[in-house]
Amino acid sequence: MNPRDRAAAILILVFGQQVADIVLLTWDNVTVTEDLVTITLGTVEIALTSPLDEPLRELAATPTHHQTAAHPNSNWAFRGGAPGQHIQASTLTQRLSTAFSTRAARLGTLHELTKLAPVAIIAEALGYSPATIDRHAIDSSANYAQYVASAGATRKAPR
């Protein structure tokens, strides 16, 4: 995968971001220094450690479509083929579909994240509404409750 596709894949697989939101990221949302790469997805600046930072470092150093006169000062992190525009969400989804389903990956990530941290923190950090993250938390705990119920049903009660 090229750096743009790898960066997008990380944002989906690790942070549960929607492709439609990823394509709207600008370099105002991403800070690349020699020591650190940070990204703001919600209201929280998130530090990316190696190897998660590498695709964004490469993208910052050699952005795609920078060769044309139409893109000399573009602030889009995920530049598109049209002058001054970001990549289309459908185009990025199609590019990533050779590796994974973006929707299934995003939903799986959100499902797992709700097991690790409180709903309010996940929502604020990743730019989701608390209601959306709460639905994922309920779904993930419902799946666990179903497992516990089925495991208990297979046990025989002592006499």
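Please read all numbers here as calculations on a predicted model, not as lab measurements. (Residues numbered from 1 in each chain as written. Predicted model: local features only at pLDDT ≥ 70, side-chain atom pairs only at ≥ 80, totals over all residues. Heavy atoms only, no water.)

Re the overall build of the protein
Here is the rule we go by: Only runs of H or I of at least four residues qualify as helices and only runs of E of at least two qualify as strands under DSSP, and these elements are numbered from the N terminus. Accessibility here uses a 1.4 Å probe with only protein chains present; expressed as a share of the type maximum, an area under 20% marks a residue as buried, one over 50% as exposed, and anything in between as partly exposed. Residues are treated as being in contact if the distance between any of their heavy atoms lies within 4.5 Å. In short, Shrake-Rupley with a 1.4 Å probe defines the accessible areas, and a residue's cover is counted only from the protein chains shown.
Helix and strand counts for the protein stand at seven helices and three strands. For the protein, the α and β elements follow one another from N to C terminus as α-α-β-β-β-α-α-α-α-α. The proportion of buried residues among the 159 residues of the protein is 36%. Restricting the contact set of the protein to residue pairs at least 6 apart, pairs at least 24 apart contribute 57%. When the accessible surface of the protein is summed, it comes to about 9,200 Å², and 56% of that surface belongs to carbon and sulfur atoms.

With respect to the pattern of salt bridges
We count it as follows: Salt bridge, as used here: a side-chain nitrogen of Lys or Arg that lies within 4 Å of a carboxyl oxygen of Asp or Glu.
Tallying each qualifying case throughout the model produces four salt bridges. Asp5 serves as the salt-bridge partner of Arg95, at 2.9 Å between the closest nitrogen and oxygen. Residue Arg95 is found in helix α4 (residues 89–96), and its partner Asp5 is found in helix α1 (residues 3–13); the two are separated by 90 residues along the sequence. Look at Arg95 and you get partly exposed, because its relative accessible area is 33%. Residue classification places Asp5 among the buried positions, given a relative accessible area of 5%. Of the charged contacts in the structure, one is a salt bridge between Glu112 and Lys115, with a shortest N-O distance of 3.3 Å.

As for the sheet that holds strand β3 (residues 45–48)
Note on sheets: strands pair through backbone hydrogen bonds, and any given pair is parallel or antiparallel. Keep this limit in mind: Strands qualify as paired when DSSP identifies two bridges or more between them. Axis definition: a line fit to C-alpha positions, over the contact stretch in the case of helices; interaxial angles, taken between N-to-C directions, run 0 to 180 degrees.
Read from one edge to the other, the open sheet built from three strands follows the order β1-β2-β3, with strand pairing classed as antiparallel. Taken across any chain shown, the strands that pair with only one partner, and hence form the sheet edges, are β1 (30–32) and β3. Between one strand axis and the next, the sheet turns by 20 degrees as a mean value, whatever way the strands run. Bridge count for strand β2 (residues 37–40) against β3 is four bridges, and the pairing is antiparallel. The residue bridging Thr38 from the neighbouring strand is Ala47, located in β3.

Thoughts on the side chain of Thr109
Mapping Thr109 onto the fold places it in helix α5 (residues 102–113). For Thr109, a relative accessible area of 10% gives the class buried. Discounting chain neighbours no more than four positions away, the residues touching Thr109 are Ile12, Leu13, Val14, Phe15 and Gly16.

Considering α5
Convention followed: Here a helix's expected span is defined as the number of its residues, less one, multiplied by 1.5 Å.
Over its 12 residues, α5 runs 16 Å from end to end, which matches the ideal 16 Å to within 8%, given 1.5 Å per residue. Listed as buried for α5 are Thr102, Ala105, Arg106, Thr109, Leu110, His111 and Leu113.

Observations concerning the pairing of β3
Side-chain alternation along β3 places Ile46 and Leu48 on a buried face and Glu45 and Ala47 on a face that remains uncovered. Hairpin geometry of β2 and β3 is characterised by an intervening segment of four residues between the two adjacent antiparallel strands.

A closer look at the packing of α1 against helix α3 (residues 54–61)
We count it as follows: Working definition: roughly parallel below 35 degrees, roughly antiparallel above 145 degrees, roughly perpendicular at 65 to 115 degrees, and oblique for all remaining angles. Crossing handedness follows the turn of the near helix against the far one: under a right angle anticlockwise gives a left-handed crossing, and clockwise gives a right-handed one. Throughout, the ten residues Ala, Val, Leu, Ile, Met, Phe, Trp, Tyr, Cys and Pro are labelled nonpolar, Asp, Glu, Lys and Arg are labelled charged, and all others, Gly among them, are labelled polar.
As a packed pair, α1 and α3 sit with axes 8 Å apart at the nearest point and diverge in direction by 140 degrees. Of the possible angle classes, the one that applies to α1 and α3 is oblique. As α1 runs across α3, the sense of the crossing is left-handed. Taken together, the residues of α3 that come into contact with α1 (itself represented by Pro3, Arg4, Arg6, Ala7 and Ile10) are Glu54, Pro55, Leu56, Glu58 and Leu59. Here the contact of α1 with α3 is built from residues that sort into six nonpolar, no polar and four charged.

Re the pairing of β2
Consecutive residues of a regular strand have side chains that alternate between opposite faces of the sheet. Inspection of the sheet shows β1 paired to β2 by three bridges, in the antiparallel sense. Paired with Thr31 across the bridge in β2 is Thr38. Between the antiparallel neighbours β1 and β2 lie four residues.

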